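The lines below spell out each chain.
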Number of protein chains: 2
Amino acid sequence: MYREEIHAKLQQSGLKITPQRVAILRAVYTLQNHPTAQQIIDFVHERDFNVATGTIYKTLDTLVEKGVIGKVQNTEEATRYDSRMEHHHHLYGDGDSRIEDYVNEELDHLLENFFLQNNIPGYEINSIHVHINGRFTRE
Amino acid sequence: MYREEIHAKLQQSGLKITPQRVAILRAVYTLQNHPTAQQIIDFVHERDFNVATGTIYKTLDTLVEKGVIGKVQNTEEATRYDSRMEHHHHLYGDGDSRIEDYVNEELDHLLENFFLQNNIPGYEINSIHVHINGRFTRE
DNA sequence: ATTCTTGCAAAGCATTTGCACCCTG
DNA sequence: CAGGGTGCAAATGCTTTGCAAGAAT
């Protein structure tokens, strides 16, 4: 990803172009494997210059907010436990801490068949969980 | 969930039956909405007796390990960022910190159609992300 | 000047760890 | 008395926050 493209991305999102943002964005694009904040910090420190930890976190938040980059989906709260042990999926409530179980064998078969017919080279599937995001319209 | 069932669960898993474990397990079964450790701590303190924080965490870990209860899937590390903004899914490597993107429009359509035909009462879907767990057999 | 950014260090929170004690077979 | 279980408090690790200083328009 070239400097010009990074500049363009920032401009499109309405953010000012600063050396810190350019460096952070370049780190995210360069580090392929869904980097953590720490990996981004290390990369920036090595390749560019010192950027404060707090700034990295703030900047990453800003970039996610503006839709320039994404976050790998996690519950982003504390770990939550589950009393159901059968295979099941989850419904997440947007802006809601609710998580409901979703059990549907037909869906399981559908996915199983799909991946039997659409083998992923170099990867052996163990299990598939569907994360459904949406809004609860009851209770 | 009755005391006898909880005792049976513990016994089946080869764990000793202790008041702490019974109380924690009852909390997980009673608290419906995928409780956090903190919610379990509060519940136990209110309904039963004081159990040390460290004990709750250790016990929950043990119960998950023995397959008595589950954890809601999260990356359980630090937040990870994603440079790809198109809709996509993720391949997770078991025992591997790798996360790869999986892009497949056919899968997206399949899921979309499935949920059009299988409406979830009281819930409005915004987005669907498939978490695929498995093993990378390359690199 | 006003607003947006940054640096820095302290604070916050969820979770883990180390160790002493305890109980049970 | 050996091993598993627990309590407690300190430590860890990731992330956030508050505030003062700097840069940009």
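Along each chain, the written sequence defines residue order, and numbers are assigned to residues from 1. Labels follow written order: the first chain is A, the first ligand is 1, and so on. Per-residue local features of the predicted model are confined to residues with pLDDT of at least 70, and side-chain atom pairs are confined, for both listing and counting, to 80 or more; whole-chain, interface and lining totals are unaffected and use all residues. Heavy atoms from the whole structure form the basis of all side-chain values; hydrogens and water molecules are not counted.

## Regarding the protein's contact with DNA strand C
Logical step 1: Throughout, the term near means that a residue has one or more heavy atoms lying within 4 Å of the molecule or strand in question. Near DNA strand C there are 18 residues, and of these Thr18, Gln20, Arg21 and Thr79 of chain A together with Tyr57 of chain B occur at the shortest range.
Logical step 2: Of all DNA strand C atoms lying within 4 Å of any protein atom, the proportion belonging to sugar or phosphate reaches 75%.
Logical step 3: The definition of a polar contact used here is a pair of N or O atoms within 3.5 Å, where within protein one atom must be able to donate a hydrogen and the other to accept one, and adjacent residues in sequence count solely through side-chain atom pairs. Between a phosphate oxygen of DNA strand C and a side-chain N or O atom of arginine 21 of chain A, the distance comes to 2.9 Å.
Logical step 4: Strands here mean DSSP runs of E at least two residues long; helices mean DSSP runs of H or I at least four residues long; both are numbered from the N terminus. Among the elements of the structure, α2 (19-30) and α4 (53-65) of chain A together with α4 (53-65) of chain B are those that each provide at least two residues to the surface near DNA strand C.
Logical step 5: If you tally residues by element for the surface near DNA strand C, the top one is α4 of chain B, at four residues.
Logical step 6: The class makeup of the residues in the surface near DNA strand C is six nonpolar, seven polar and five charged. Only Asp, Glu, Lys and Arg are considered charged in this grouping, and only Ala, Val, Leu, Ile, Met, Phe, Trp, Tyr, Cys and Pro are considered nonpolar; every other residue, Gly among them, is considered polar.

## Observations concerning the protein's contact with DNA strand D
Logical step 1: In the vicinity of DNA strand D lie 17 residues, with Tyr57 of chain A together with Thr18, Gln20, Arg21 and Thr79 of chain B positioned nearest.
Logical step 2: Here a phosphate oxygen of DNA strand D sits 3.1 Å away from a polar atom, N or O, in the side chain of threonine 55 of chain B.
Logical step 3: Threonine 79 of chain B is positioned with one of its backbone polar atoms (N or O) 2.8 Å from a phosphate oxygen of DNA strand D.
Logical step 4: Ranked by residues supplied to the surface near DNA strand D, first place goes to α4 of chain A with four residues.
Logical step 5: The residue makeup of the surface near DNA strand D, split by class, is five nonpolar, seven polar and five charged.

## Focus: the domain arrangement of chain A
Residues and elements named next belong to chain A.
Logical step 1: Here chain A is described as being made up of domain 1 (3-82) and domain 2 (89-134).
Logical step 2: Relative placement of domain 1 and domain 2: their C-alpha centres are 28 Å apart.
Logical step 3: Contact between two residues is taken to exist if any of their heavy atoms lie within 4.5 Å; hydrogens are not considered. Residue-level contacts link four residues of domain 1 with seven residues of domain 2.
Logical step 4: The term buried area denotes the loss of accessible surface (1.4 Å probe radius) that occurs when two parts are joined, taken as the sum for both partners. In total, domain 1 and domain 2 occlude about 430 Å² of area from one another, counting both sides; carbon and sulfur atoms represent 36% of this.
Logical step 5: By the criterion of area lost to domain 2, the three top residues of domain 1 are Gln73, Arg80 and Asp82, representing 80% of everything that side buries.
Logical step 6: We define a salt bridge as a side-chain nitrogen of Lys or Arg found within 4 Å of a carboxyl oxygen belonging to Asp or Glu. Seen at the junction of domain 1 and domain 2, the total is zero salt bridges.
Logical step 7: Counting the contacts that link domain 1 with domain 2 gives three residue pairs in polar contact (both at pLDDT 80 or more).
Logical step 8: When its residues are assigned to classes, the side of domain 1 that touches domain 2 shows no nonpolar, two polar and two charged. These domain boundaries are the output of an automatic or database domain assignment.

## Here we look at the interface of chain A and chain B
Logical step 1: With 64 residues of chain A at the interface, the matching set in chain B holds 64 residues.
Logical step 2: For the pairing of chain A and chain B, the buried interface totals around 5,800 Å² over both sides, and the portion due to carbon and sulfur atoms is 56%.
Logical step 3: Summed over the three residues of chain A that lose the most area to chain B, namely His34, Tyr81 and Tyr123 of chain A, the buried surface amounts to 15% of that side.
Logical step 4: With a closest N to O distance of 3.1 Å, glutamate 124 of chain B and arginine 135 of chain A form a salt bridge.
Logical step 5: Considering each element in turn, the side of chain A that touches chain B owes the most residues, 14 residues, to strand β5 (residues 123-136) of chain A.
Logical step 6: For two strands to be treated as a pair, DSSP must find no fewer than two bridges joining them. Where strand β1 (residues 70-71) of chain A and strand β2 (residues 81-82) of chain B come together, two bridges link them in antiparallel fashion. Paired with lysine 71 of chain A across the two strands is tyrosine 81 of chain B, which belongs to β2 of chain B.

## Overview of the environment of serine 83 of chain B
Logical step 1: Mapped onto the fold, serine 83 of chain B is located in the loop between β2 and β3 (89-93).
Logical step 2: Here serine 83 of chain B falls in the partly exposed class, since its relative accessible area comes to 28%.
Logical step 3: Along the sequence, serine 83 of chain B and alanine 8 of chain B sit 75 residues apart, while their C-alpha atoms lie 48 Å from each other.
Logical step 4: The residues contacting serine 83 of chain B, other than those within four sequence positions of it, are Val28 and Tyr29 of chain A. Exposure categories follow from relative accessible area, calculated using a 1.4 Å probe and restricted to protein chains: below 20% of the type maximum is buried, above 50% is exposed, and the middle band is partly exposed.

## Some remarks on the nonpolar core
Considering soluble globular proteins, one finds that nonpolar side chains tend to be buried as a cluster.
Logical step 1: Judged by nonpolar contacts, the single largest core of 24 residues is most densely connected at Phe115 of chain A together with Phe115 of chain B.
Logical step 2: Broken down by secondary-structure element, the contributors of at least two residues to this core are α5 (105-117) and β5 of chain A together with α5 (105-117) and β5 (123-136) of chain B.
Logical step 3: When sequence neighbours within four positions are dropped, the list of residues in contact with phenylalanine 115 of chain B reads Tyr102, Leu107 and Ile132 of chain A together with Ile120, Ile125 and Ile128 of chain B. Nonpolar cores are built from buried Ala, Val, Leu, Ile, Met, Phe, Trp, Tyr and Cys residues. Side-chain atoms within 4.5 Å join them into one set.

## Quick word on the side chain of asparagine 118 of chain A
Logical step 1: Tracing the chain through its elements places asparagine 118 of chain A in the loop between α5 and β5.
Logical step 2: At 2.7 Å, the side chain of asparagine 118 of chain A forms a polar contact with the backbone oxygen of phenylalanine 114 of chain A.
Logical step 3: Residues contacting asparagine 118 of chain A, with those up to four places away along its chain left out, are Tyr102, Asn104 and Glu106 of chain B.

## Points about the relation of the copies chain A and chain B
Logical step 1: To superpose the copies, least squares is applied to the C-alpha atoms of every residue with a pLDDT of at least 70 in both. The two copies are related by a screw motion: chain A maps onto chain B through a turn of 180 degrees and a shift of 0.0 Å along the axis, at an RMSD of 0.1 Å. Interpreted geometrically, this transformation is the action of a two-fold axis.
Logical step 2: Looking at the interface residues of chain A, 100% of them are also at the interface in chain B, so both copies use one shared face.

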